[in-house]
Amino acid sequence: MTHRPTHREAQAEAEIGHTVFGRGVALGMCVFFLLTLAILLGGELLHRRADGARGGAYVLDATQAVLRSAGQLPSQVKSEGLWEGLGHTNRAVHAQMDALETGLQMGSPWRLPLLTPMNQWLSGTLGASNANVYVGKEDWLFYGPALRHVVGPPIPTPSNDSLGVLVAFQAALAERGIALVVVPVPSKVSLYPESFHGRIGDGVVPRNQGYGAWLKSLEAAGVVVFDPTPALVEGKEGGPVYLRRDSHWSPRGVEYCAEALSEFLDAQFVFSDATRRAYRRGSPSTVAYRGDLAAMLYPDPVAGALVEEWPILPVEDSDGNPWQPEVGSEVLLLGDSFTNIYSQEGLGWGTGAGLAEQLSLHLQRPVDRIAQNDHGAYAARHRLQDAVSKGEERLAETGVVVYEFAVRELSWGDWKPNRNMALDREGAAPLERGVKQTVTGRVRARSLPPAPRSVPYKDCLISVILEPDLPDGEAILFYTQGMVDHRWTTATTWNVGDLITVPLTPWTDVSNALESLNRMAVEGEEACEGAPWWYGDGAVDTQAAPVIHTGPLEVGKDVGAPLEVLIAQKEAAGEMVIPGQENWLYFVPELRSLSVGAFWGESAPTVSRARNAQWADPLAAIVDFNRQLAAAGVTLLVVPVPAKAAVYPEFLDGEALTTTVEEQAGAQGAHRRFLQVLRSSGVQIVDLQPLFEASREGSPYYCQTDTHWSPAGAALAAGEVAKTIRALPGFVATANEGYSAKTEELVIHGDLAALAGMTDSTETLPFTRVSRAEGGQLVPVPVDRKSPVLLMGDSHNLVFHAGGDMHATGGGLPDHLALELGRAVDLVAVRGSGATTPRINLARRGDQLAGKNVVVWCFAAREFTESVTGWRAIPVIP
């Protein structure tokens, strides 16, 4: 039967098929098109000339690399034969083409100026999404691949064999008497479909249509599966179990999963009583971060950042030490970023409270962990198998391997076959630790990190295969930083065939700190004999740069002044400590804060570490808080704790550096000028720097190995604050409530020494402990919620007062302030930034500061620029 078009179809075909453009319109469109191309290309070329080709991000560099790789074809064919030579050259050209495509995307000067406003308009005004992030209701964001897994084709897909891989992995473990437990973590949209689409009813848990059959097939093959979905659904009644603007579960969600998983393991398996260990929750803290989905939706970190705050409870052992994975534990956890979230600092959500830590807490026994932030379908599994086959025994005492991965991996993951299926270390040479070597060779292959902000991770390692420039030298594999804080490093500019010299450290020396980072594999990686190596992590070992470059792995802009150079080098290397003379240690962010110049007003967004430019300016937030308190009849005293280097610059290593810091911290420096701006805005300041500088003959007012002031500094500051409070109009002094002070010696291991890996570095300080007579005994001064004086801020209010990682009790700022005033004070303080979180905690009290006369806001002065949560205006008193 022949289809005859209807009248409307015929009319539409006639009109569309005979559309005519006038000559003027056609000419105008052509001119517009060519002009647009000229502007874009011209901008690219000018940007390249001004900024330099960095990170493989520009067109001409990648094009030259492609041509260079293609030009090596004759020599490759001659040395390797026709087919091998063609294959080698094809792979090299393909890698450079990938670099070109990604470089066009990440290096364009138009990318951030155009993409971020466009995303803001599309998502904020139109509620539209992009390929990676879907916008839901009430600021909920959903990860595109995770959502498409739920609504996509049934699993397993023809492109992967997750069933076969998991069954084979279970069989290999069973040969060693080890059980496998598979833990697929559900997508956020399965738990919160109502926040994505309003017409989905309560209680509905959308799943991929093939998930049920996949689950039954896996269990029929003898693989044990623990599905955390029921525990998470039940936990929703207590609050969100997933983060609103991040792809991962919330601290509450990981807690519910760990508790249910521990009960499941205890019911399924028998563990040795000898391996039980006491674990407990440490001191609570609050983390604030804009989620990975918000960062992907708005690539420019100074625009549209959405910050979410959560309390976390780190896990520690019975001695108060932070939880650590233990090789040889009965339980080994393999995982992806759902394991690392709340464990790995680079993910932005705090440390010490991830899935492995929570599992240890509920099992009350140690847990080993191998986790990598991406590629959950194979990364952790392959790393375990490679480690065992190359001599690093991880399974000798293991009884259960728990394999966690995001359920979306069943649709989109690369389920690479298992390696070293016997998981047998027989014949493997033991790894030699701590032996470093410098190798010169040519790059045979190099992986690339993903385009910045195209994935939910800001850091990424890359793999490099190097052919040593020696007779009969075997190719070696090393890892290095490829992306740091969403920026590519100069390691990504190495091309196949480049001759480089790199100092290498055994990977096993650094793997505990780095193995959980996202890592991009390179073709042929698995064929390299021997253990892999590491190049370039300053947090472990500061390395020299390759011969073909003039400095360490570069990240960010070039700098020139001595202080800026030092800070840039330390930050690029991942180091937070600058050693000085006579065992003095200095904190890199503190020195950076002194170096950036003016940091308020129009300058704030350009120098602040705040993830949201709207909260970069400390002036507006401080003035707003002062206005709120003044309206309620409460006096605000702002007490910035000056940088250690501002008071003791002479212990910095180098005359030029000392001179620079003295200038930056002097009367004309930005910090001193900012305090004058605050005063002119009506804010009362207690300026400690002149006081500290004028009386330096006694005990140092700062710890040599710690970021905080010393007990003597806390006591001197308390005296100055108390003097200011007593001079306030209407302040009524009270009689001393039986307080006494006794001086003793205190030995501490400072946080800077710990950051620098100086395990044996301690210092002895004179410590004055404040006590109160009670029942014939001396007891610490308690915090008094009803006190008219409220002390708030960061850990400078907790050090020597809170105990634990704060070194001692009874000798901190709250204790000495109570001694000076004759009565206890109220306290709202946090470990971390004292800029915004303490005011949020104060607002949550809900009492609108009833009964308070004075609020003392004490925090490190570096927070003016270094607070990543920024300076938000918080309505403490609405």
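Residues numbered from 1 in each chain as written. Predicted model: local features only at pLDDT ≥ 70, side-chain atom pairs only at ≥ 80, totals over all residues. Heavy atoms only, no water.

A. Just the pairing of strand 14 (residues 476–484), in detail. Strand 14 sits mainly inside the fold: nine of its nine residues count as buried. Where strand 14 lies against strand 18 (residues 533–535), three bridges are found, and the strand directions are parallel. Of the residues in strand 18, the one forming a bridge with Phe478 is Trp533. Pairing between strand 14 and strand 15 (residues 487–488): two bridges, direction antiparallel. Note that in strand 15 the partner of Val484 across the bridge is Arg487. With antiparallel pairing between neighbouring strands as the criterion, strand 14 and strand 15 make up a hairpin whose turn holds two residues, including Asp485 at a positive phi of roughly 55 degrees. (Buried < 20%, exposed > 50% of the residue type's maximum accessible area, 1.4 Å probe, protein only. Helix = DSSP H or I, 4+ residues; strand = E, 2+ residues; numbered from the N terminus. Pairing = 2+ DSSP bridges.)

B. A look at the confidence of the model for the protein. Summing up the model confidence of the protein, the mean pLDDT is 80 and the portion of residues at 70 or higher is 77%. Predicted confidence is poor over residues 51–61, with pLDDT under 50, and the contacts of this stretch with residues over four places away or in other chains come to 32 contacts. Taken as a whole, residues 425–433 scores under 50 in pLDDT and shows 17 contacts with residues more than four places along the chain or in a different chain. (pLDDT = per-residue confidence, 0-100. Contact = heavy atoms within 4.5 Å.)

C. Summary view of helix 7 (residues 144–151). The element helix 7 is extensively covered by neighbouring structure, given that six of its eight residues are classed as buried. Those residues of helix 7 that fall on the buried side of the exposure criterion are Gly144, Pro145, Ala146, Leu147, His149 and Val150. Where helix 7 is buried, its residues meet strand 1 (133–135), strand 2 (141–143), helix 9 (188–191) and helix 17 (409–412).

D. Quick peek at the side chain of Glu316. With respect to the helices and strands, the residue Glu316 is situated in strand 8 (residues 315–317). Given a relative accessible area of 17%, Glu316 falls into the buried group. A polar contact of 2.7 Å, which involves the side chain of Glu316, links it to the side chain of Arg280. (Polar contact = N/O pair within 3.5 Å; in protein donor to acceptor, adjacent residues only side chain to side chain.)

E. The arrangement of the sheet that holds strand 25 (residues 777–780) in detail. Strand order in the open sheet formed by three strands is 23-24-25, and the pairing between neighbours is antiparallel. With partners counted over all chains shown, the strands left at the sheet margins are strand 23 (739–748) and strand 25, one partner each. Each neighbouring strand pair of the sheet contributes to a mean axis angle of 45 degrees, computed without reference to strand direction. Across ten bridges, strand 23 lies against strand 24 (residues 763–774) in antiparallel orientation. Each residue of the ladder has a partner; that of Tyr739, found in strand 24, is Arg772. Across the sheet, helix 29 (residues 813–821) is in contact with strand 23 and strand 24; its angle to strand 24 comes to roughly 50 degrees. (Axes fitted to C-alpha atoms, helices over the stretch in contact; angles between N-to-C directions.)

F. Summary view of unusual backbone geometry. Of note in the backbone geometry, His807 takes a positive phi value of approximately 80 degrees without being a glycine. With respect to the secondary-structure elements, His807 resides in the loop between strand 26 (789–793) and helix 29. Of note, the phi angle at Leu849 is positive, near 60 degrees, even though the residue is not glycine. Mapped onto the secondary structure, Leu849 falls in the loop between helix 30 (837–845) and strand 28 (854–860). With a relative accessible area of 4%, Leu849 lands in the buried category.

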